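# Architecture at a glance
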Amino acid sequence: MRRKDREVTNIQEIEDMIQQCKTCHVAMIDGDMPYVVPLSFGYEIKEGVLNLYFHSAKEGRKMDILHKNNQVCFEMCREGEPVFATETPCNSGYYFSSVHGFGKVVFIQDVQEKCHALSLLMKQQAHIEVEFTKEQADSVCVYKIVSKDFTGKRKPLKTAEKKNEKL
């Protein structure tokens, strides 16, 4: 990362950033072309490994691509607000936090793990605890990205900048 001053490596800080996100963009390779999709997700971090959980239809372009090549890149962000530098417009900026990384997709077949993954999705998206049935879990494809290679990045909004530079 070029801007080491913005890099976040502390797992708890990264988890705090993930908790504020609702959409994860997953990039994959379709032949020789990139393909990216925005997805709702759930997650767990255990022993330094980030597991991102997703659900989708059992067939379609995304599924075809992931079955051929399970290596992906992902990104999620919490957008802040723009701050305009009135004196020096080139110093204007956008304040954000993001998590990005690389991993491999693993399709989940075990019913208990599928139900657990779907529960994590609901917890992340709606902040509610939901238990899923075998029938519900069997009606969708559930998969996860397993990543040991992820980092956070943030450009925090400084109070003085917000107060003095915003239009």
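Refer to the structure printed above.
The structure reproduced in this document is the subject of the present report. Here the structure is a predicted model, which is why all the values come from computation and not from measurement.

The next point concerns the packing of aromatic side chains. Summed over the entire model, instances satisfying the criterion amount to 2 aromatic pairs. Ring centres 5.8 Å apart and planes at 50 degrees place the aromatic pair F107 and Y143 in the tilted group. Residue F107 is found in strand β7 (residues 93–107), and its partner Y143 is found in strand β8 (residues 141–155); the two are separated by 36 residues along the sequence. Judged by relative accessible area, which is 2%, Y143 ranks as buried. The structure contains a cluster of three or more aromatic residues connected by ring pairs, namely F54, F107 and Y143.

Below, the discussion takes up the pairing of β8. Pairing analysis gives 2 bridges linking strand β1 (residues 7–8) to β8, with the strands arranged antiparallel. Across the sheet, the residue bridging to V8 is G152, located in β8. By the bridge criterion, 7 bridges tie strand β5 (residues 49–56) to β8 in an arrangement that is antiparallel. Note on β8: the bridge partner recorded for N51 is V146.

This brings us to the pattern of salt bridges. Overall, the coordinates contain 5 salt bridges when judged by the stated rule. Across the pair D138 and K134 runs a salt bridge, and its minimum N-O distance is 2.6 Å. Remark: K134 and D138 occur in helix α4 (residues 134–138); sequence separation between them is 4 residues, near one turn of the helix. You can call K134 partly exposed: its relative accessible area is 47%.

What counts, and where the lines are drawn
Positions within a chain are numbered from 1, following the residues in the order the chain's sequence is written. Per-residue local features of the predicted model are confined to residues with pLDDT of at least 70, and side-chain atom pairs are confined, for both listing and counting, to 80 or more; whole-chain, interface and lining totals are unaffected and use all residues. Note that the side-chain values use all heavy atoms of the structure and ignore hydrogens as well as water. In this scheme Phe, Tyr and Trp rings, the latter by its six-membered ring, pair at centre separations within 6.5 Å, and the angle between planes marks the pair as stacked below 30 degrees, edge-to-face above 60, and tilted otherwise. A helix here means a DSSP run of H or I that spans at least four residues, while a strand means a run of E at least two residues long, and both kinds are numbered starting from the N terminus. Exposure is judged per residue with a 1.4 Å probe applied to protein chains only, and the accessible area is read against the type maximum: over 50% gives exposed, under 20% gives buried, and values in between give partly exposed. Here, any two strands with at least 2 DSSP bridges between them count as paired. A side-chain nitrogen of Lys or Arg and a carboxyl oxygen of Asp or Glu constitute a salt bridge if their distance falls within 4 Å.

Any functional reading would require information that these geometric values do not contain.
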